[in-house]
Amino acid sequence: MAHTFNPTVLREYDIRGIVGKTLGTGDARALGQAFGSMVRRQGGKTICVGYDGRLSSPDLEQALVEGVCAAGVDVIRVGRGPTPMLYFSVYELDTDGGIMITGSHNPPHYNGFKMMIGKASCFGEKIAELGRMSAAGDLEQGTGTVRDENILERYVKRLLQDVDLPALEKAGLKVAWDTGHGAAGEVVSALIKELPGHHVLLNGEIDGTFPAHHPDPTVEENLVQIQDCVAQEECDLGLAFDGDGDRIGAIDGAGRVVWGDQLLAILSREVLEDLPGATIIADVKASQALFDHIAELGGRPLMWKTGHSLIKSKMVETAAPLAGEMSGHIFFKHKFYGFDDAIYVALRLLNEVARTPGGLKALKDSLPKVVNTPELRFPCEEERKFHIVPEVHRRLKAAGADVDATDGVRVKTADGWWLLRPSNTQDVLVARCEAADEEGLARLKAILTEQLKASGIEPPPM
């Protein structure tokens, strides 16, 4: 009997598992044939395949390619690089889809697959269908071809296309970049050679063990190294990336973190000057100050569900030119393709910084002042996390609370708001609180703590 991939690796937005336990080359080969079959049945003939810098990625890539070819679909191998480079290759080479082998921001022993059917994300029901096809042996047979394509230089050239080089030349910025030994290292190294100003690259060598720190810029402890570099080198700003280059973190010249929703607020200005009245999307974790800021700039703010595939789909539905998440996924359709590319976002941010007296520090200072937490994460078993939020919702509704259930529960009070939702990618619950002052924030945290305890979760100090 042919190998079918482990159904426990199926997720709403990607396929992900622990290498050697829940995910192996047999799974990759089986996925490749199921995915190739799906593409072929939709009239497709060719897909791109790329992989990140994890130690397990080359073997998984080889097995995946074999599976795709076994379905009679041709493969263009674009090699090692960030996930956005794979997305770019699907557009640049006009293929019928693509698969990226990547563990994203997860620990080194994880790996997985992000997929595109045509130019759209493959998620939700399509991922479930891949599992059913593989389990039933409902697969196409054939002999696809394989060729290599060095896409990196074309990708770097496209990234540079929207950079305001005269503004950067005039500003003479000093910038620290931390690719965290992740898959963006080679691209960023090539890119900064073309940029005016002075650039300091940290952890640019791709190393799937991530020896410097975990590559997740949404966690403040992972930004300590770049904060130190900004201080020691007297940089104007620092830019950090996750393991596959689709999440961005930023540090201003004072060493302060500029969070995802603040970056989206900064980047909204140019977009709304070009496209007055445009819709700009942010996820449910974003600050209310962001939605208010977009409205003040003449835009139409839209709160939506967290998840890069969901955001991209909503962008297509609403023709939004810009969207973003607190997690550092930011999506530019304005002048770009609409996918989440942290390196491209970094360049658009550099444009804004170069054009602004006082740079990123001044841009952060200009934003509305609120008091909030970063993303708070509470460990919770995979199955249990999906039951806790409905429990909380029922209790809140019974108490007459003002609850928005777009994604999890976002609760408004006289002090501000708090959020609780299950993570899409990790075995955690995610929370956030925001108020006008520290006293109000403390009250929101107390309510959140009470609700978590009522569902058997003992939260750490917040």
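What counts, and where the lines are drawn
- Residues numbered from 1 in each chain as written.
- Predicted model: local features only at pLDDT ≥ 70, side-chain atom pairs only at ≥ 80, totals over all residues.
- Heavy atoms only, no water.
- Pairing = 2+ DSSP bridges.
- Helix = DSSP H or I, 4+ residues; strand = E, 2+ residues; numbered from the N terminus.
- Axes fitted to C-alpha atoms, helices over the stretch in contact; angles between N-to-C directions.
- Contact = heavy atoms within 4.5 Å.
- Expected span 1.5 Å × (residues − 1).
- Buried < 20%, exposed > 50% of the residue type's maximum accessible area, 1.4 Å probe, protein only.
- Arc of directions from axis to C-beta.
- 1 Å grid on protein atoms, 1.4 Å probe; cavity = no way out; pocket = protein on both sides within 12 Å on 5 of 7 lines; lining within 4 Å.
- Points joined across faces, edges and corners; volume = space filled by probe spheres on them.
- Nonpolar A, V, L, I, M, F, W, Y, C, P; charged D, E, K, R; others polar.
- Right-handed = clockwise from strand over helix to strand, strands pointing away.
- Phe/Tyr/Trp six-rings, centres within 6.5 Å; stacked < 30°, edge-to-face > 60°.

Draft legend 1. View of the sheet that holds strand β14 (residues 300–304). Read across the open sheet, the four strands follow the order β14-β13-β15-β16; overall the sheet is mixed. Here the strands that pair on one side only, and so sit at the sheet edges, are β14 and β16 (330–332). Taking the axes of each pair of neighbouring strands and ignoring which way they run, one obtains an average angle of 15° across the sheet. Pairing of strand β13 (residues 279–283) with strand β15 (residues 322–324), which is carried by three bridges, proceeds in the parallel orientation. Among the inter-strand pairings, alanine 282 is bridged to a residue of β15, identified as glycine 324. Running over the sheet, helix α10 (residues 288–296) touches β13 and β14 and is turned about 155° from β14.

Draft legend 2. View of helix α4 (residues 125–136). With 12 residues, α4 should reach 16 Å at 1.5 Å per residue; the first-to-last C-alpha distance of 16 Å fits that figure. Residues of α4 that are buried: Ile127, Leu130, Gly131, Met133 and Ser134. In an axial view of α4, the angular spread of the buried residues amounts to 165°, which keeps them on one side of the axis. Projecting away from the buried face of α4 at angles above 90 degrees are the exposed residues Glu125 and Ala136. Two residues or fewer past α4, glycine 137 is found with a positive phi of approximately 65°.

Draft legend 3. Structural view of the sheet that holds strand β8 (residues 174–178). Spatial strand order, β9-β8-β10-β11-β12: five strands in an open sheet with mixed pairing. Edge strands, defined here as strands with exactly one partner in the open sheet, are β9 (198–202) and β12 (257–258). The sheet contact formed by strand β10 (residues 237–241) and strand β11 (residues 248–252) spans five bridges and is antiparallel. Bridged to leucine 239 within β11 is alanine 250.

Draft legend 4. Quick peek at the layout of surface pockets. Here the largest pocket is characterised by a volume of approximately 400 Å³. Contributing to the lining of the largest pocket are 21 residues, with Gln262, Lys364, Pro368, Val370 and Asn372 lying nearest its centre. Along the lines of polarity and charge, the residues of the lining of the largest pocket split into nine nonpolar, five polar and seven charged.

Draft legend 5. Structural view of empty space enclosed by the protein. What the rule picks out here adds up to five cavities of 30 Å³ or more. Estimates place the volume of the largest cavity at around 310 Å³. Considering the residues around the largest cavity, the lining is formed by 29 residues, among which His105, Arg247, His329, Asn424 and Thr425 are closest to the centre. Listing elements by their share of the lining of the largest cavity, those giving two or more residues are β1 (15–18), β5 (110–117) and β22 (428–435).

Draft legend 6. Molecular detail of the environment of cysteine 48. Along the chain, the position of cysteine 48 falls in strand β2 (residues 46–51). Residue classification places cysteine 48 among the buried positions, given a relative accessible area of 0%. Between the alpha carbons of cysteine 48 and leucine 93 there is a distance of 8.5 Å; along the sequence they are 45 residues apart. Excluding residues that lie within four positions of it along the chain, cysteine 48 makes contacts with Ile76, Val78, Leu86, Ser89, Val90, Leu93, Thr95, Gly97, Gly98 and Ile99.

Draft legend 7. How the structure looks around the pairing of β14. Pairing analysis gives five bridges linking β13 to β14, with the strands arranged parallel. Looking at the pairing, threonine 279 lines up with arginine 300 of β14. Between the parallel elements β13 and β14, the chain passes through α10 in a crossover that is right-handed.

Draft legend 8. View of the packing of aromatic side chains. By the definition in use, this model includes 11 aromatic pairs. Between phenylalanine 332 and tyrosine 344, the aromatic rings sit 5.6 Å apart at their centres with planes inclined by 80°, giving edge-to-face as the arrangement. Placement of the pair is phenylalanine 332 in strand β16 and tyrosine 344 in helix α12 (residues 342–355), with a sequence separation of 12 residues. Of the two residues, phenylalanine 332 and tyrosine 344, both sit in the buried class. Seen in terms of ring centroids, phenylalanine 336 and tyrosine 344 are 3.8 Å apart; in terms of plane orientation they differ by 10°. Their pairing is stacked. Both residues of the pair, phenylalanine 336 and tyrosine 344, belong to the buried class.

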